[in-house]
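Below, each chain spelled out in residue letters.
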Amino acid sequence: MRHNIDMEQVTGIGGLFVRARDPKALAQWYRDHLGVTPVPLNYEELPWRQEAGPTAFAPFPETTDYFGPDAAKTWMVNFRVRSLDAMVEQLRAAGVSVEVDLQAYPNGRFARLYDPEGNAIELWQPGGRDAQS
């Protein structure tokens, strides 16, 4: 199916919702280590705001191991970062294990970590054309 330029389109991701064994603790971990604030509890608080930039949407085969070794994990989030080195240093200083992909790709650099519930997180420092977006 070709893209219809007259078709109404979504403008971005408005939320990422995940099941968790301990939702409060998981939300706290994302806030403390990645700066992602939880959903506000009232209308005076502000939600986490992301910077505009490229976003990948890529369904994977259900047999993929890209999301980690646990086949029950059905999602992974990729966060853009300004400085992969600074973020990795910050996470490691907090005791979070992070694996940096040593290869630099035309679209940037990547690192992988897992949240306390075993969900894969990919960090991406855009490079090349994507760094300009």
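Because the structure is predicted, anything quoted here is derived from the model rather than measured. (Residues numbered from 1 in each chain as written. Predicted model: local features only at pLDDT ≥ 70, side-chain atom pairs only at ≥ 80, totals over all residues. Heavy atoms only, no water.)

### What about the nonpolar core?
Residues Tyr-30, Leu-34, Phe-79, Leu-91, Leu-113, Ile-121 and Leu-123 are the most contacted members of the largest nonpolar core, which totals 19 residues. Only helix H1 (23–34), strand E1 (77–80), helix H2 (84–93), strand E3 (108–114) and strand E4 (120–126) provide two or more residues apiece to this core. Each residue touching Leu-113, except ones within four places of it in the same chain, is listed here: Trp-29, Leu-91, Val-96, Ser-97, Val-98, Asn-119, Ala-120, Ile-121 and Leu-123. (Core = buried A, V, L, I, M, F, W, Y, C linked by side-chain atoms within 4.5 Å. Buried < 20%, exposed > 50% of the residue type's maximum accessible area, 1.4 Å probe, protein only. Helix = DSSP H or I, 4+ residues; strand = E, 2+ residues; numbered from the N terminus. Contact = heavy atoms within 4.5 Å.)

### Considering the pairing of E1
Each regular strand carries side chains that alternate between the two faces of the sheet. Taking every second residue as pointing to the same face, the buried face of E1 carries Val-77 and Phe-79, while none of Asn-78 and Arg-80 on the other face is buried. Relative to E4, E1 runs parallel, the two sharing 4 bridges. Considered in E4, the bridge of Arg-80 is made with Trp-124. (Pairing = 2+ DSSP bridges.)

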